[in-house]
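Residues per chain are reported as follows:
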Amino acid sequence: MAGMEKITFRAEDKQEDFYVLEQTRIGGTDYILVSDSAEGDGEAMILKDLSHDGEEEGIFEPVTDEEELAAVAGVFENMLEDVELQ
């Protein structure tokens, strides 16, 4: 997984690095699956891209709606055959 893209999120006075495992577009909305670990078992999170086309920086928020989360998690599980999201 050496080629995994690392992204940095900034919120007010803190920043955190995540590694992009996969990305997809569903119904015109972009989603990314990120992990806090480049290797092995880490905490994973599905983020929704709220930014508009042409914006220099992306705006992401965690997916919290249970139906939306289940649907997007199912897509990512199919894309990453050996991954199970809980």
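Residues numbered from 1 in each chain as written. Predicted model: local features only at pLDDT ≥ 70, side-chain atom pairs only at ≥ 80, totals over all residues. Heavy atoms only, no water.

**Student:** How should the overall build of the protein be read in this particular structure?
**Tutor:** Across its full length, the protein holds 1 helix and 5 strands. The order of α-helices and β-strands along the protein, N terminus first, is β-β-β-β-β-α. Once local pairs closer than 6 in sequence are excluded, the contacts in the protein between residues at least 24 apart make up 25%. Working note: accessible area of the protein is about 6,500 Å², and carbon and sulfur atoms make up 42% of it. (Helix = DSSP H or I, 4+ residues; strand = E, 2+ residues; numbered from the N terminus. Contact = heavy atoms within 4.5 Å. Areas by Shrake-Rupley, 256 points an atom, 1.4 Å probe, with all protein chains shown as cover.)

**Student:** So what exactly am I meant to see when it comes to the pattern of salt bridges here?
**Tutor:** Working definition: two side chains of opposite charge can pair if their charged atoms are close together. A complete count under the given rule lists 3 salt bridges for this structure. Lys6 is the partner of Asp17 in a salt bridge, and the nearest nitrogen-oxygen pair spans 3.6 Å. Of this pair, Asp17 sits in strand S2 (residues 14–26) while Lys6 sits in strand S1 (residues 6–11); the two residues are 11 residues apart in sequence, bridging distant segments of the chain. Its salt-bridge partner being Asp30, residue Arg25 comes within 2.9 Å of it at the nearest N-O pair. (Salt bridge = Lys/Arg side-chain N within 4 Å of Asp/Glu carboxyl O.)

**Student:** What am I meant to see in the sheet that holds strand S3 (residues 29–35) here?
**Tutor:** Sheet strands associate in pairs through backbone hydrogen bonding, adopting either a parallel or an antiparallel arrangement. Within the open sheet, the 5 strands sit side by side as S1-S2-S3-S4-S5. Their pairing is antiparallel. In the strand order of this sheet, the two ends are held by S1 and strand S5 (60–62), each with one partner. With strand direction ignored, the average angle separating the axes of adjacent strands in the sheet is 45 degrees. Of the pairings in the sheet, the one linking S2 to S3 comprises 7 bridges and is antiparallel in character. Bridge pairing in S3 places Ile26 opposite Thr29. Across the sheet, helix H1 (residues 66–79) is in contact with S2, S3 and strand S4 (44–49); its angle to S2 comes to roughly 80 degrees. (Pairing = 2+ DSSP bridges. Axes fitted to C-alpha atoms, helices over the stretch in contact; angles between N-to-C directions.)

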